[in-house]
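Coordinate analysis (summary)
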Amino acid sequence: MKLHQTRANENENLNAVNFSEALLAPSSAYGGLYAPLKLPKLDDEFFAQAQELNYEQIALEIIKKFEFDVKNDVFEKALKRYLKFDKPNEPVQIRKIGENLYINELYHGPTRAFKDMALQPFGVILSELAKNKGENYLIMCATSGDTGPATLETFSDVPNIKVVCLYPKDGTSEVQRLQMINASAKNLKVIGIEGNFDDAQRALKTLLASENFKTALKELGVSLSAANSVNFGRILFQIIYHVYAYVYLLKTGILNAQESFDIIVPSGNFGNALGAYYAKKMGAKIDKIKIVSNANNILTEFFTTGVYDLRGKTLVKTISPAMDILISSNVERLLFDKFGAVRTKELMQNLSQNGFYSLNSSELEELKKDFEADFCSDEECEEIIKEQASKGVIIDPHTATCFKMSSNLTRPNVITSTAHWVKFAPSMFKACKNEELKDERLGLEALAKEFSDIVPESIKSLFSSQAVHTDIAKQDEIEEKILNWIKR
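Read on for an overview of the structure. Note that the coordinates shown come from a computational prediction; the quantities given were computed from them, not determined experimentally.

The next thing to look at is the overall build of the protein chain. On a plain count of helices and strands, the protein chain comes out with 20 helices and 16 strands. For the protein chain, whose C-alpha radius of gyration is 21 Å, the value lies close to the compact-globule estimate of 23 Å for 488 residues. Its C-alpha atoms put the protein chain at 60 × 50 × 50 Å along the principal axes. The 488 residues of the protein chain split such that 61% are buried. Of note, the protein chain has its 58 positive side-chain charges centred 2 Å away from the centre of its 65 negative side-chain charges.

Here it is, written out as structure tokens:
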């Protein structure tokens with residue numbers, strides 16, 4: 001299977017590339033992305049057999065169906081990264097928390113966030129491709145809090161790879177920031193930027209598309225790629241855990257083969273929700289994908305009105321910082337799948353030039369077949385955290401937003417839980433105790449004791465580690481800082 005450009009002109013043949021090419025060079029024509037034209041199908045026989053397999057085995061069977069140009073033994077090696085998770089054969093853990101309500105915990109990896117589910121295997125594949133080509137690569141990522149630590153961890157001390165991570169200097173939790181600035185491997189560079197995540201993502205996309213930057217890197221013997229979900233390699237692994245949720249519901253008898261379920265996703269850059277959409281198209285019996293935003297509720301507006309409108313909007317800082325995003329990159333792949341490359345180019349150009357785009361009524365109805373959307377304020381989020389904690393369900397602020405769409409359920413709903421609560425101690429402390437946290441390390445210990453939980457050693461040690469990365473840059477300084485670092 002090949003991947004195709006998401007933007008095109010009328011009567012233009014779509015450029016198609018192999019999976020390996022899209023991983024190593026993820027930007028496509030006219031500033032677009034790469035995405036599949038069609039997806040492999042998972043039939044009843046697959047789902048019957050999958051109930052006898054563990055997560056790693058299910059993942060490999062799904063990947064084989066894509067028939068990508070990367071050899072199966074590379075994927076097998078990549079999936080072994082799940083051995084580093086809390087439960088090696090069960091990297092994701094699903095449990096019931098209410099009537100018709102289940103939670104899919106995706107944060108049991110090294111950095112305690114769902115990004116590990118994709119970035120741990122992704123890192124192996126990309127480094128294997130670089131090694132086989134005998135080339136050196138700069139992997140760039142922009143982060144709102146979780147992609148950065150996960151990217152740095154998976155590529156730490158990997159040969160042929162250097163990593164630059166851009167993060168908004170005041171736009172992540174303290175634990176997320178410490179995970180990044182304490183990363184000590186010599187092949188890693190972390191830069192705090194003046195601005196928010198949208199600014200960081202804009203800087204990333206600009207550099208990925210810059211011929212001058214790529215030429216400068218080539219002169220240094222380095223090629224350019226990205227670890228954000230603009231890279232389809234990330235999306236591939238995000239499809240799998242949504243398919244696995246369906247297999248789990250079948251295996252446990254919660255669903256029979258004729259019944260469907262809903263998935264509730266806290267969404268910022270839309271990669272997680274896109275994975276659920278692709279899983280549905282492939283055959284998992286997902287009825288609605290419920291998108292939940294925080295106060296930056298541009299996706300709620302889009303899926304309700306069909307208008308994606310940046311005009312007059314400024315990013316709001318919330319207690320769920322990984323969702324503090326206004327430009328959700330992966331919506332483009334949804335537009336491409338629904339309406340084709342020509343319409344996608346038209347819409348995305350309108351967003352770039354005019355700050356908005358509008359779907360027509362039939363296009364909006366097409367989206368509503370698969371999606372519903374709502375948003376959750378910080379105040380509501382705090383109330384949900386406190387209420388669930390009183391029931392023994394400990395959730396982080398991003399997961400908490402999902403409960404906004406979890407009432408009066410007529411069929412099973414699976415909440416996609418994206419991060420461990422320890423990454424957001426101040427917000428947890430305020431929600432549960434209604435007071436400000438003065439010492440995050442002591443606060444974590446106090447909450448863990450109250451929750452009958454533990455603070456992972458990898459998180460505890462952050463507070464006594466020496467900061468390695470102290471660079472703060474304005475937008476126009478980023479390229480020079482990166483090139484100077486590579487030249488050293």
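The subject of this paragraph is the pattern of salt bridges. Considering all chains together, one arrives at 34 salt bridges under this definition. Each of K280, K338, E366, K369 and D370 takes part in one network of salt bridges that share partners.

As a general point, the strands of a sheet are linked pairwise by backbone hydrogen bonds and lie either parallel or antiparallel. Strands sit in the order β9-β6-β7-β8-β16 across an open sheet of five strands; the sheet is parallel. Every other strand in the sheet has two partners, leaving β9 (222–226) and β16 (472–473) as the edge strands with one partner each. Examined bridge by bridge, strand β6 (residues 136–142) and β9 share five bridges and lie parallel to one another. In the sheet register, Y137 faces β9, and the bridge partner there is S223.

In terms of nonpolar packing, the biggest core is built from 149 residues, with F75, F237, F270, F303 and Y357 touching the most fellow members. Setting aside chain neighbours within four positions, we find F303 in contact with F270, I291, L334, L364, L367, K368, F371 and A373. A142, L208, L224 and V230 belong to the second-largest nonpolar core, a separate cluster that totals 28 residues.

With that settled, the discussion passes to the sheet that holds strand β15 (residues 413–417). Taken together, six strands build an open sheet; the order of strands is β4-β5-β15-β10-β11-β14 and the sheet is mixed. Strands with a single pairing partner mark the edges of an open sheet, and in this sheet they are β4 (93–98) and β14 (371–375). Put simply, the sheet's adjacent strands are angled 25° from each other on average, direction ignored.

Even without being a glycine, N408 presents a positive backbone phi close to 50°. Taking the relative accessible area as the measure of exposure, N408 reaches 76% and is therefore exposed. The phi angle at N434 is positive, at roughly 55°, despite the residue not being glycine. Tracing the sequence through the fold places N434 in the loop between α17 (425–433) and α18 (440–451). Overall, N434 belongs to the exposed group, its relative accessible area being 63%.

In regular strands, side chains alternate between the two faces of the sheet. Summarising burial for strand β8 (residues 188–193): six of the six residues are buried, a large majority. Every second residue of β8 is oriented toward a common face, with L188, V190 and G192 on one face and K189, I191 and I193 on the other, all of them buried. Examined bridge by bridge, strand β7 (residues 161–168) and β8 share six bridges and lie parallel to one another. Within the sheet, the bridge partner assigned to P168 lies in β8 and is I193. Read as a crossover between parallel neighbours, the route from β7 over helix α7 (residues 174–181) to β8 is right-handed. With two bridges joining them, β8 and β16 adopt parallel strand pairing. Looking at β16, one finds that G192 is bridged to I472.

The next thing to look at is the environment of S27. Tracing the backbone shows S27 in the loop between α1 (19–24) and β3 (34–35). Along the backbone, S27 and T6 are 21 residues apart, and their C-alpha atoms lie at a distance of 9.9 Å. Setting aside its immediate chain neighbours within four residues, S27 contacts G32, Y34 and L208.

As a further point, take the packing of helix α10 (residues 232–251) against helix α11 (residues 271–282). Look at α10 against α11: their axes get within 8 Å of each other, and the N-to-C directions meet at 60°. Classified by the angle between their axes, α10 and α11 sit oblique to one another. The handedness of the crossing between α10 and α11 is right-handed. Contacts between α10 and α11 involve F232, I235, Q238, I239, Y241, H242 and V243 from the former and G271, N272, L274, G275, A276, Y278, A279 and M282 from the latter. Considered class by class, the residues forming the contact of α10 with α11 number 10 nonpolar, five polar and no charged.

Structurally, Q5 can be placed in strand β1 (residues 2–5). A distance of 2.6 Å separates the side chain of Q5 from the backbone oxygen of R7, its partner in a polar contact. Among the polar contacts listed, one links the side chain of Q5 to the backbone nitrogen of N15, at a separation of 2.7 Å. For Q5, the contacting residues outside a window of four places in its chain are E12, N13, L14, N15, S28, A29, Y30, L33, Y34, F336 and A341.

Attention shifts here to helix α15 (residues 378–390). The terminal C-alpha atoms of α15, which comprises 13 residues, lie 19 Å apart, in line with the 18 Å expected from a rise of 1.5 Å per residue. Within α15 the residues assigned to the buried category are C381, E382, I384, I385 and Q388. Down the axis of α15, the smallest arc covering the buried residues is 160°, so these residues share one side. With respect to the buried face of α15, the exposed residues turned more than 90 degrees away are E379, E383 and S390. In the core, the buried residues of α15 are packed alongside α16 (397–401) and α17. Note on α15: the residue one or two positions beyond its end, G392, has a positive phi of about 85°.

Conventions we followed
- Residues numbered from 1 in each chain as written.
- Predicted model: local features only at pLDDT ≥ 70, side-chain atom pairs only at ≥ 80, totals over all residues.
- Heavy atoms only, no water.
- Helix = DSSP H or I, 4+ residues; strand = E, 2+ residues; numbered from the N terminus.
- Rg over C-alpha atoms; globule rule 2.2 N^0.38 Å.
- Buried < 20%, exposed > 50% of the residue type's maximum accessible area, 1.4 Å probe, protein only.
- Lys, Arg positive; Asp, Glu negative; His and termini not counted.
- Charge placed at Lys NZ, Arg CZ, Asp CG, Glu CD.
- Salt bridge = Lys/Arg side-chain N within 4 Å of Asp/Glu carboxyl O.
- Pairing = 2+ DSSP bridges.
- Core = buried A, V, L, I, M, F, W, Y, C linked by side-chain atoms within 4.5 Å.
- Contact = heavy atoms within 4.5 Å.
- Axes fitted to C-alpha atoms, helices over the stretch in contact; angles between N-to-C directions.
- Right-handed = clockwise from strand over helix to strand, strands pointing away.
- Parallel < 35°, antiparallel > 145°, perpendicular 65-115°, else oblique.
- Left-handed = near helix turned anticlockwise from the far one by under 90°.
- Nonpolar A, V, L, I, M, F, W, Y, C, P; charged D, E, K, R; others polar.
- Polar contact = N/O pair within 3.5 Å; in protein donor to acceptor, adjacent residues only side chain to side chain.
- Expected span 1.5 Å × (residues − 1).
- Arc of directions from axis to C-beta.

These values are about where atoms sit, not about what they do.
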